Amino acid sequence: MMAEEELYDLLVPPGVPRKMLYDVAEKYDVEVVRRPQKMAFANMGGDARELLAFRGRREVVEEVQKYLFARLKEFVEE
């Protein structure tokens, strides 16, 4: 029996447009998962929030990160 391949998560920053999430899910071999994450911003005091993450093989997740950040940069500059 083959050992399970190690999977990696790329947390999606809050506020990423839904269309970008759909684009990534269609374009890459990743699963969209929910992950509780402790947040430590201004007045959140370590509250846990449920964030979305893309889960997949390391090389795929690295590609997704480059693609997503490039798309976000375009989006912010518009």
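Okay, so let's go over this structure. Residue numbers restart at each chain and count upward from 1, following the sequence in its written direction. Local features in this predicted model are restricted to residues whose pLDDT is 70 or higher, and side-chain atom pairs enter the listing and the counts only when it is 80 or higher, whereas totals over whole chains, interfaces and linings include all residues. For side-chain calculations, the full set of non-hydrogen atoms in the structure is used, while hydrogens and water are omitted.

## Some thoughts on helix H1 (residues 18-27)
Note on helix geometry: an α-helix contains 3.6 residues per turn, so any two residues three or four positions apart are oriented the same way. Among the residues making up H1, those that are buried are Met 20, Leu 21, Asp 23 and Val 24. The arc enclosing the buried residues of H1, seen along the axis, measures out at 160°, which places them on a common side. Turned more than 90 degrees off the buried face of H1, the exposed positions are Arg 18, Lys 19, Tyr 22 and Glu 26. As for H1, its buried residues are in contact with strand S3 (48-56) and helix H2 (58-77). For each residue, the accessible area found with a 1.4 Å probe, counting protein chains only, is set against the maximum for its type, and the residue is called buried under 20%, exposed over 50%, and partly exposed in between. Runs of H or I in DSSP of at least four residues are treated as helices and runs of E of at least two as strands, each being numbered from the N terminus. Summarising the geometry, the arc corresponds to the directions from the helix axis toward the C-beta atoms. By definition in these notes, contact holds between two residues if any of their heavy atoms fall within 4.5 Å.

## Looking at the sheet that holds strand S1 (residues 8-11)
Strands in a sheet are paired, the pairing made by backbone hydrogen bonds, and the direction either parallel or antiparallel. Being paired, for any two strands, means DSSP has found at least two bridges between them. A sheet is described by the order of its strands in space; here 3 strands give the open sequence S1-S3-S2, paired in antiparallel fashion. The strands lining the two open edges of the sheet, one partner per strand, are S1 and strand S2 (31-38). Direction aside, neighbouring strands of the sheet carry axes that sit 45° apart on average. Here S1 pairs with S3 via 4 bridges, running antiparallel. By the bridge assignment for S3, Leu 11 is matched with Ala 53. Angles run from 0 to 180 degrees between N-to-C directions of axes, and those axes are lines fitted to C-alpha atoms, restricted for helices to the stretch in contact.

## Concerning the packing of H1 against H2
Where H1 meets H2, the axes come as close as 11 Å, and the angle between the chain directions of the two elements is 150°. Between H1 and H2, the crossing angle belongs to the class labelled roughly antiparallel. Handedness of the crossing formed by H1 with H2: right-handed. For the pair H1 and H2, the contacting residues are Met 20, Asp 23, Val 24 and Lys 27 in the first and Val 64, Tyr 67, Leu 68, Arg 71, Leu 72 and Phe 75 in the second. Charged residues are taken to be Asp, Glu, Lys and Arg, nonpolar residues to be Ala, Val, Leu, Ile, Met, Phe, Trp, Tyr, Cys and Pro, and polar residues to be all remaining types, Gly included. In the contact of H1 with H2, the residues fall into 7 nonpolar, no polar and 3 charged. Note that the term roughly parallel is reserved for angles under 35 degrees, roughly antiparallel for angles over 145, roughly perpendicular for angles of 65 to 115, and oblique for everything else. Whether a crossing is left-handed or right-handed is set by the direction in which the near helix is turned from the far one by less than a right angle, anticlockwise for left-handed and clockwise for right-handed.

It is worth stressing that arrangement in space is one thing and function is another; only the former is reported here.
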